[in-house]
Amino acid sequence: MLMINGEPIEAAGTEGMTLAAYLDKNEYNIHRIAVEHNDRIIPKAEYDEVVLKDGDVIEIVQFMGGGA
């Protein structure tokens, strides 16, 4: 089981997948997000190196435009 943004996700469909592949599959724009993997902020250059596994905790933060 993975935790992604506080939601449990079955590891069976994602285990062994790279972070980059997961983000692409779920249509995240990598230019507009930041990712924390097991309490570590992952540089975009490392998205292809991080392999998802059971027990991982991932937070994906999307940047929003706007202001006052």
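Scroll up to find the structure.
Residues numbered from 1 in each chain as written. Predicted model: local features only at pLDDT ≥ 70, side-chain atom pairs only at ≥ 80, totals over all residues. Heavy atoms only, no water.

(A) Fine view of the side chain of D56. Inspection of the secondary structure puts D56 in the loop between β4 (40-42) and β5 (57-62). A distance of 3.0 Å separates a polar atom in the side chain of D56 from a polar atom in the side chain of H37. Reaching out from D56, the side chain makes a polar contact with the backbone nitrogen of K53 at a distance of 2.9 Å. Apart from residues no more than four positions distant in its own chain, D56 is found in contact with M1, L2, M3, H37, N38 and V51. (Helix = DSSP H or I, 4+ residues; strand = E, 2+ residues; numbered from the N terminus. Polar contact = N/O pair within 3.5 Å; in protein donor to acceptor, adjacent residues only side chain to side chain. Contact = heavy atoms within 4.5 Å.)

(B) Seen up close, the nonpolar core. Residues L19, Y22, L23, V35, Y47 and I60 are the most contacted members of the largest nonpolar core, which totals 15 residues. Among the secondary structure elements, those contributing two or more residues to this core are β1 (2-4), α1 (19-25), β3 (33-37) and β5. Not counting residues up to four positions away in its chain, the partners in contact with L23 are Y28, I30, I33, V35, Y47 and I60. (Core = buried A, V, L, I, M, F, W, Y, C linked by side-chain atoms within 4.5 Å. Buried < 20%, exposed > 50% of the residue type's maximum accessible area, 1.4 Å probe, protein only.)

(C) Spotlight on the sheet that holds β5. The strand order across the open sheet built from five strands is β2-β1-β5-β3-β4, with neighbouring strands paired in mixed fashion. Taken across any chain shown, the strands that pair with only one partner, and hence form the sheet edges, are β2 (7-9) and β4. The mean angle between the axes of side-by-side strands here comes to 30 degrees, regardless of whether they run parallel or antiparallel. The sheet contact formed by β1 and β5 spans two bridges and is parallel. Note on β5: the bridge partner recorded for M3 is V57. (Pairing = 2+ DSSP bridges. Axes fitted to C-alpha atoms, helices over the stretch in contact; angles between N-to-C directions.)

What is shown is where atoms sit, not what they do.
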